[in-house]
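Structural description and commentary
Listed below are the residues making up each chain.
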Amino acid sequence: ATTSVWRAALLSGIDRAKGLQSAAALFDVRECYDGVPFNRLEDSLSNNGCPDDIAQFALSVYRQPRTLIYGGASALPIVPTRSIVAGCSYATGFLRSLLLEPLDSFVEARPARTLRMHVDDGFLRRTIRDHADVVSFARATAELFRTITCGTLLDIAPGKTHIVASSPTVADTVRTPLG
């Protein structure tokens with residue numbers, strides 16, 4: 001995430017030197033691995049062309065009953081309905097599958113913006129020509145956050161959301177619709 005902040009600041013400085021304005025929204029998908037709902041994940045794997053037998057095998061690993069054992073005592077088994085384990089060989093692929101459709105539709109509708117995702121960290125950027133572009137970027141950023149939360153049932157972490165802009169006025173305009 002630090003690299004993205006430095007990249008946004010560097011690009012903003014370059015734009016400022018060229019006499020341009022820009023804005024970037026950096027965000028984090030809150031507890032992305034813990035919050036993944038299996039029913040949504042199963043649909044996204046199928047919709048993205050994952051063969052059913054492979055999807056079912058991979059998902060079955062997560063659906064197995066789990067038992068907590070501590071100090072020789074064990075709890076009753078639970079069958080999970082959400083949460084993928086970060087670090088598992090399937091985890092990043094599962095997350096990408098879940099985010100692919102909503103993010104693709106967002107990018108296709110807004111080609112003038114740059115969107116980068118690294119696992120659960122996102123970076124949305126736009127060079128701005130005038131005030132209308134600032135307002136458009138602010139609306140697009142709010143729409144992206146709604147797209148992620150509605151399309152995946154995951155949330156954006158407000159404490160890890162940052163706006164980097166070429167001026168305080170641009171930054172304030174972008175922040176306003178985000179709440």
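Residues numbered from 1 in each chain as written. Predicted model: local features only at pLDDT ≥ 70, side-chain atom pairs only at ≥ 80, totals over all residues. Heavy atoms only, no water.

**Some remarks on the overall build of the chain**
Scanning the chain for helices and strands turns up six helices and seven strands. Ordered by position in the sequence, the α and β elements of the chain form the string α-β-α-α-β-β-α-β-β-α-β-β-α. If one aligns the C-alpha atoms of the chain with their principal axes, the spans along those axes are about 65 × 40 × 25 Å. For the chain, with 179 residues in total, the buried portion stands at 39%. At a minimum sequence separation of 6, the contacts of the chain that also span at least 24 residues come to 70%. Carbon and sulfur atoms form 56% of the exposed surface of the chain, whose accessible area is close to 10,100 Å². A distance of 7 Å separates the average location of the 19 positive side-chain charges in the chain from that of its 18 negative side-chain charges. (Helix = DSSP H or I, 4+ residues; strand = E, 2+ residues; numbered from the N terminus. Buried < 20%, exposed > 50% of the residue type's maximum accessible area, 1.4 Å probe, protein only. Contact = heavy atoms within 4.5 Å. Areas by Shrake-Rupley, 256 points an atom, 1.4 Å probe, with all protein chains shown as cover. Lys, Arg positive; Asp, Glu negative; His and termini not counted. Charge placed at Lys NZ, Arg CZ, Asp CG, Glu CD.)

**Quick look at the environment of Ala17**
Within the element layout of this structure, Ala17 appears in helix H1 (residues 2–17). Residue Ala17 is classed as exposed on the basis of its relative accessible area of 71%.

**Let's talk about the packing of helix H2 (residues 38–47) against helix H3 (residues 52–63)**
Two elements in contact, H2 and H3, have axes whose closest approach is 10 Å; the angle formed by their N-to-C orientations is 160 degrees. Regarding the angle of H2 to H3, the classification is roughly antiparallel. Handedness of the crossing formed by H2 with H3: right-handed. Contacts from Phe38, Leu41, Glu42, Leu45 and Ser46 in H2 reach Asp52, Ala55, Gln56, Leu59, Tyr62 and Arg63 in H3. Looking at the contact of H2 with H3 residue by residue, the class counts come to six nonpolar, two polar and three charged. (Axes fitted to C-alpha atoms, helices over the stretch in contact; angles between N-to-C directions. Parallel < 35°, antiparallel > 145°, perpendicular 65-115°, else oblique. Left-handed = near helix turned anticlockwise from the far one by under 90°. Nonpolar A, V, L, I, M, F, W, Y, C, P; charged D, E, K, R; others polar.)

**Here's the deal with the nonpolar core**
Counting residues in hydrophobic clusters, the biggest one holds 37 residues, and the most contacted among them are Leu41, Ile84, Phe94, Leu144 and Ile148. Elements that contribute at least two residues to this core include exactly strand S1 (21–30), H2, H3, helix H4 (91–109), strand S5 (121–128), helix H5 (131–152), strand S7 (162–165) and helix H6 (168–175). Considering every element that reaches this core, the biggest residue donor is H4, with seven residues. Ignoring any residue separated from it by four or fewer positions in sequence, one finds Ile148 in contact with Phe27, Val29, Leu99, Leu103, Leu153, Leu154 and Ile156. Counting five residues, the second-largest nonpolar core is a separate cluster that includes Ala24, Leu26, Phe123 and Val164. (Core = buried A, V, L, I, M, F, W, Y, C linked by side-chain atoms within 4.5 Å.)

**Description of the side chain of Asp133**
Structurally, the position occupied by Asp133 is in helix H5. Assessed through its relative accessible area of 7%, Asp133 is described here as buried. Setting aside its immediate chain neighbours within four residues, Asp133 contacts Arg126, Thr127 and Ile128.

**Notes on the pairing of strand S4 (residues 114–118)**
The sheet contact formed by S4 and S5 spans five bridges and is antiparallel. Pairing of Thr114 across the sheet is with Arg125, part of S5. Between S4 and the antiparallel strand that follows it, S5, lie two residues; Val119 among them carries a positive phi value of about 55 degrees. (Pairing = 2+ DSSP bridges.)

**A look at the packing of aromatic side chains**
Scanning all chains against the criterion turns up two aromatic pairs. Ring geometry for Tyr90 versus Phe94: centroids 5.8 Å apart, planes at 20 degrees, classification stacked. (Phe/Tyr/Trp six-rings, centres within 6.5 Å; stacked < 30°, edge-to-face > 60°.)

**Notes on the environment of Val164**
Its place among the elements puts Val164 in strand S7. Accessibility expressed as a relative area gives 17% for Val164, which makes it buried. Each C-alpha atom of the pair Val164 and Ser89 lies 34 Å from the other, and the pair is 75 residues apart in sequence. Residues contacting Val164, with those up to four places away along its chain left out, are Ala8, Ala9, Ser12, Ser22, Ala23, Ala24 and Leu26.

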